[in-house]
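Structural overview for review
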Amino acid sequence: MKLASLLLALVCCIAHADEGPHAYARALAHRNGIGMAPDARIAAQWMAKAAGEGEARAMFAYSNMLWTGEGVTRDEALSRFWLEAAAERELPEALQELALALRHGARGFALDEARAAVLFQELAHAMRHPRH
Amino acid sequence: MRYQIGIFLLFSLCGAGAFAAPVAGTRASLALLETTDVHSNVLGYDYYKLAPDASFGLDRTATLIAQARKEFGNTLLLDNGDTIQGTALADYQALAAPLACDRTLAVYKAMNHLGFEGGGIGNHEFNYGLAYLSQVTGNRFDVAGVDPAKPRCAGPAFPQVLSNVLSLKSRQPLFAPYHIIDKQVSATGADGKPVQVAIKVGIIGFAPPTIMSWDKRWLDGKIYTEGVRESALKYIPEMKAKGADLIVAISHGGLDASPYSPAMENGNYHLAQVDGIDAMLIGHSHQVFPNAASTSPQFDLPGVDKEKGLVHGVPTVMANLWGKHLGVIGLHLTFDGKRWVVDKARTTVEARSAQTGEKSFVAADPALTALIADEHEATIRFVKTPLGETTFRMSTYFGDVGDVSALEVVNQAQTAYVATYIKTGMPELAGLPVLSAAAPFKSGIAGAGDFTDVRAGSLAMNNAADLYLYPNVLYTVKINGDQLKGWLEHAAGRFNTIDPARKGPQELINTSFPSYNFDSLTSKDVRYEIDLTRAPGQRIQKLRYRGKPVGAADLFLVATNNYRASGGGGFPALDGSRTVIASPATNREILIAYIKQVKTLKRATHASNRSWRFARVKTAGPIVFHTAPGMLALAREAGLKQVSLYKADDGLGRGFALYQVDLSK
């Protein structure tokens, strides 16, 4: 059910693609205390919203927040889900994080050198024309 | 369901030469074969590892092409661009030893040999500038920056098409927007007898309009782009009027269901909805399509059938990258007396892999090896060309316990780059201390040989790739003293918490914290200790800058890479919001430039500034760690007297030895 609702959230991004960057900026402001007191909980809420609206940078940041439990209940599986989602969108840093995790067996991923190698190739390409 | 394709008999007859005009009931099959994003990988060879790699290369696609040609009576081999850039071979021919006018680029030589019949242009074709692209494609672009007096040079022996990239000077497309190929095919006549006929296949090319930002320095003020839909609507009727029986879109992009914009990068979801396109060859995203198992969001869109390979009903293929796959669209055509009709129900779409098993691949075509042997060898010499030399061995075997022999030069190169960057372009940052962080990327995860290890002697590009493994670009963040401490605290998560009273051996390394996140500083201005007896988050002690404790209000610039600065590794305060320099230069390029400038690396000046040490503590038992056997001398050379061999074989069967570090020293 959780996965289904997340997929639904991803689908919604098609219709609201312009809202992602706005929510992401709000999330960063709350997370880092830019122009306001830092508040990890509110930051996580905005980050989740931005991620749901298709903002790859937010997917990556939210994955990190879920991994450490920053402002949100720690959830390794959901963290991996959002990391995969950000990598699917060719965010270079997410591609690298995922590739490294697969090569080293980090973040709860099983070792998968073959997939890591493919992702590193993707990374090399994505670095030549970043989209974000 | 069947659909009609207009045909103009007169044109067909003219184009077909001796070929007979088809009669009603004539049947033919034609397979469109696609390569895309080959990125100059003619041979399966890793020029940085200087080793063959069977998992990619046009030499293996060649075998897939040969198989498809045997299977289908008639094939049309087309490439979808991102062809001339992507390997050291490409850089060698473009930058190190620029191609002579009468020579054909290695990848085009290979494609000519394989009998490519048409090609598109991708975004990476523009990476080396317009003059180079004009030359190597055998064109004479009428565009600013390209000398009109220059002769037409050698290029591919097949037509290249690109409809949506235009010269500001001439207001005309740089390349032919489309080309109509008189494809001579073997068919079966209405009487069941073999017959040769011609089918006019129109190919039209598209590149992502986003090239204007990606290669702004080459393209700004010289060319402009149009949307893929607009270009298609302009030219497809013209192609039909000239007799095209089939329209094949060679579009370098993926699928994106966002509302259409002429500037969108991946416009093919919308292109497929333009009337008249019979097949789409797509690319750019390095994905496989059709692929029922794909989780890529671009293939989970309304109107996209990722099992059958249809986008709004248009047969569509994307053949991965680097020659790993061959796209195959099988069309079955019948001439109804006026036009060729495609039997849509029988159309097949496949992306065929060169990989046949977990570690097995189709055979490589040795002809390509022979064909580009000179260019290949020259590239290897180029990669091995000395940049400088090192008088000491640079390795990461003891990176976890403080050997900076492979790290300090990275930090020095990054620091020097940022200092110059600020001096020349960002005076507002002048006066802030510039630090740099680096981590050992290779720490034995794949075995005892999986460490950075550059022997004393000359340093070449492949060594630089060993010293800086990843294709990152240099980023610099502006942080305060607390954030700097938090960064180092997070990095110190590399270690387990040590109980000094425990008598048995204790493992030093927290294996759930990878080495690539063990950032450290190598600045003579910074000193800090890592107290392993404390819990994670409380380990950084005595953090000082130029002898003074670092306070919360102190500000620093720290050079790192885009991965770290943008959130990689989940370091506190690093999520992109503190980036003040996002350099276009890769960390590896910066390292190479530094080595070229310094010429000779010496231990005293490039491998002796360790900013950190373990806080001294007497432990009852040994603190042990695993690294390659027989390397103790390197620890000694690095001045790590507290390291000794504990067991020559750690007993885990992976070829590692067990060393110990005395924390009391």
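Source: prediction; values computed, not measured.

1. Quick look at the sheet that holds strand S33 (residues 600-601) of chain B
Residues and elements named next belong to chain B.
- In spatial order, the strands read S24-S20-S33; together these 3 strands make up an open sheet with mixed pairing. For this open sheet the edge positions go to strand S24 (457-459) and S33, each flanked by a neighbour on one side alone.
- Examined bridge by bridge, strand S20 (residues 388-390) and S24 share 3 bridges and lie antiparallel to one another. Paired with Gly388 across the bridge in S24 is Leu459.

2. Here's the deal with the interface of chain B and chain A
- With 44 residues of chain B at the contact, the number on the chain A side is 32 residues.
- Both faces considered, chain B and chain A share a buried interface measuring about 3100 Å² in area, 52% of it formed by carbon and sulfur atoms.
- Inspection of the chain B/chain A interface yields 1 salt bridge.
- For B:Asp575, the salt bridge is made with A:Arg31, and the minimal N-O distance between the two is 3.2 Å.
- Here chain B and chain A share 15 residue pairs in polar contact (both at pLDDT 80 or more) between them.

3. Section: the packing of aromatic side chains
- All chains considered together, the criterion is met by 28 aromatic pairs over all chains.
- Taking the centre distance of 5.9 Å and the plane angle of 55 degrees together, the rings of B:Tyr178 and B:Tyr235 count as tilted. Placement of the pair is B:Tyr178 in strand S8 (residues 178-188) and B:Tyr235 in helix H8 (residues 228-241), with a sequence separation of 57 residues. B:Tyr235 matches B:Tyr178 in its accessibility class, with the two residues each being buried.
- Geometrically, the ring pair formed by B:Phe398 and B:Tyr659 is edge-to-face, given 5.2 Å between the ring centres and 85 degrees between the ring planes. Taken as a pair, B:Phe398 in the loop between strand S21 (394-395) and helix H12 (408-425) and B:Tyr659 in strand S37 (residues 657-661) lie far apart in primary sequence, 261 residues in all.
- Of the residues examined, B:Phe398 reaches a relative accessible area of 0% and is grouped as buried.
- What makes B:Tyr659 buried here is its relative accessible area of 1%.
- Connected via pairs of aromatic rings, a cluster forms that spans A:Phe120, B:Phe441, B:Tyr468 and B:Tyr470.

4. Some details on helix H2 (residues 58-71) of chain B
Residues and elements named next belong to chain B.
- With 14 residues, H2 should cover 20 Å at 1.5 Å per step; its first-to-last C-alpha distance of 20 Å lies within 8% of that length.
- Taken together, the buried positions of H2 are occupied by Leu58, Asp59, Arg60, Thr61, Ala62, Thr63, Leu64, Ile65 and Ala68.
- On its buried face, H2 is in contact with strand S2 (27-35), strand S5 (75-79), helix H4 (106-114), strand S17 (325-335), strand S19 (348-353) and helix H10 (366-371).

5. Here's the deal with helix H5 (residues 76-88) of chain A
Residues and elements named next belong to chain A.
- With 13 residues, H5 extends 18 Å between its outermost C-alpha atoms, agreeing within 8% with the 18 Å of an ideal straight helix rising 1.5 Å per residue.
- The residue sitting at the N-terminus of H5 and contributing the capping side-chain oxygen is Asp75; that oxygen lies 3.2 Å from the backbone nitrogen of Ala77.
- Glu90 occupies a position one or two residues after H5 and carries a positive phi of about 65 degrees.

6. Let's talk about the state of the cysteines
All names here are of chain B.
- Per the stated rule, a full pass over the model turns up 1 disulfide over all chains.
- Note on cysteine connectivity: Cys101 is disulfide-linked to Cys153, with sulfurs 2.1 Å apart. Sign of the S-S torsion, about -105 degrees for the bond between Cys101 and Cys153, identifies this disulfide as left-handed. Within this pair, whereas Cys101 is found in the loop between helix H3 (88-96) and H4, its partner Cys153 is found in the loop between helix H5 (130-136) and strand S7 (165-167), the two being separated by 52 residues in sequence.
- You can call Cys101 partly exposed: its relative accessible area is 30%.
- According to the relative accessible area criterion, Cys153 is buried, its value standing at 14%.

7. Some details on the confidence of the model for chain A
Residues and elements named next belong to chain A.
- In the predicted model, chain A carries a mean pLDDT of 86, and the fraction of residues at 70 or more is 84%.
- This stretch, residues 1-5, has a pLDDT under 50; its non-local contacts, to residues over four places away or in other chains, come to 3 contacts.
- Considering only residues more than four positions removed or in separate chains, one finds that residues 7-17, a stretch of pLDDT under 50, has 17 contacts.

8. Some remarks on the pairing of strand S11 (residues 246-251) of chain B
Residues and elements named next belong to chain B.
- Of all 6 residues in S11, 6 are buried, a share of seventy percent or more.
- Summarising the sheet, strand S9 (residues 194-206) and S11 pair through 6 bridges and their orientation is parallel. Residue pairing in the sheet places Ile203 in a bridge with Val248 of S11.
- Relative to strand S12 (residues 279-282), S11 runs parallel, the two being bridged by 4 bridges. Within S12, the residue paired with Ala249 across the bridge is Met280.

What counts, and at which threshold
Residues numbered from 1 in each chain as written. Chains lettered and ligands numbered in written order. Predicted model: local features only at pLDDT ≥ 70, side-chain atom pairs only at ≥ 80, totals over all residues. Heavy atoms only, no water. Pairing = 2+ DSSP bridges. Helix = DSSP H or I, 4+ residues; strand = E, 2+ residues; numbered from the N terminus. Contact = heavy atoms within 4.5 Å. Buried area = accessible area lost by both parts, 1.4 Å probe. Salt bridge = Lys/Arg side-chain N within 4 Å of Asp/Glu carboxyl O. Polar contact = N/O pair within 3.5 Å; in protein donor to acceptor, adjacent residues only side chain to side chain. Phe/Tyr/Trp six-rings, centres within 6.5 Å; stacked < 30°, edge-to-face > 60°. Buried < 20%, exposed > 50% of the residue type's maximum accessible area, 1.4 Å probe, protein only. Expected span 1.5 Å × (residues − 1). Disulfide = S-S within 2.5 Å. pLDDT = per-residue confidence, 0-100.

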